[in-house]
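In case you want the letters, here they are:
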Amino acid sequence: MIGECGEAVAACQPGGPGPPEVLDDALPRDIAMLERGVRLYSLYQHASRFDGPTIEYATKAMRADAEIRTATTLPPRMIIVDRRTALLTHRSSDASAVIVQEPSIVSYLYEVFSRAWEGASLFTTAKAPDQTETWNGTQHLLLQLLGDGLTVAAISKRLGIAERTCQGYRTGLFNDLGVSDRFQAGVVAHARGLVDPARVTASPRKSNRRT
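The paragraphs below set out a description of the structure included in this document. (Residues numbered from 1 in each chain as written. Predicted model: local features only at pLDDT ≥ 70, side-chain atom pairs only at ≥ 80, totals over all residues. Heavy atoms only, no water.)

Digging into the overall build of the chain
Thought 1: The secondary structure content of the chain amounts to seven helices and seven strands.
Thought 2: Across the chain, helices and strands are ordered from the amino to the carboxyl terminus as β-α-β-α-β-β-β-β-α-β-α-α-α-α.
Thought 3: Across the 211 residues in the chain, those meeting the buried criterion constitute 41%.
Thought 4: Pairs at least 24 apart in sequence give 72% of the contacts found in the chain among residues at least 6 apart.
Thought 5: As displayed, the chain has an accessible area near 12700 Å², and 50% of this comes from carbon and sulfur atoms. (Helix = DSSP H or I, 4+ residues; strand = E, 2+ residues; numbered from the N terminus. Buried < 20%, exposed > 50% of the residue type's maximum accessible area, 1.4 Å probe, protein only. Contact = heavy atoms within 4.5 Å. Areas by Shrake-Rupley, 256 points an atom, 1.4 Å probe, with all protein chains shown as cover.)

Overview of helix H2 (residues 52-63)
Thought 1: A rise of 1.5 Å per residue sets the reference length of H2, with its 12 residues, at 16 Å; its end C-alpha atoms lie 17 Å apart and thus fit the reference within 8%.
Thought 2: Taken together, the buried positions of H2 are Thr54, Ile55, Tyr57, Ala58, Thr59 and Ala61.
Thought 3: Contacts from the buried residues of H2 go to helix H1 (20-35), strand E2 (39-45) and strand E3 (67-71).
Thought 4: Of the residues one or two after H2, Asp65 is the one with positive phi, at around 85°. (Expected span 1.5 Å × (residues − 1).)

Brief notes about unusual backbone geometry
If a residue is not glycine, its phi is most likely negative; likewise, a peptide bond is most likely trans.
Thought 1: Phi is positive for Asp65, close to 85°, though the residue is something other than glycine.
Thought 2: Taking relative accessible area as the criterion, Asp65 reaches 63% and is therefore assigned exposed.
Thought 3: In the Ramachandran plot, Arg83 falls in the positive-phi region, its phi being about 55° despite a non-glycine side chain.
Thought 4: Among the structural elements, Arg83 can be located in the loop between strand E4 (78-81) and strand E5 (85-90).

As structure tokens, then:
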């Protein structure tokens, strides 16, 4: 289906760097598609900027005129073909896809992708990319997620990075703020205006009240 598209493919790929074998398989297909004049827009998470196989894939794909951007977090995985068909990950298996062709739903998904695209940064293929921009975005989101009560495991999944890396980020953040726990971090962050005071920090919970 993707190989037969005629206009454009918009792909949102959260979860950090993709497996090398998946990238190797996708590259010739994507280049052949680009050579046919099909536009390719791909979104990855910032963590992918520092992954060798992803950099190699992006370098070759961008030479063929693919457009690739990254963001700290992304919407769920989706591929939108010619703005008429969307492929979504099946909830029971990452290896299975759900095909959506209802126009209103596809239009909504494309709007979700477009908003993420507008807020994303151009993928850099430099061998030693500057981490300042990506760290600032990650640091801000890390503060928000810690305030929401998320665990390191949950945050690492959201950011597309390893738990060990996320733990290091949290330690570095606490050191930067001069604090030792998430409560102190929240107090200092609010005092410095680093987080939105209007943000609801409590995670939604199911009500126990009977109706």
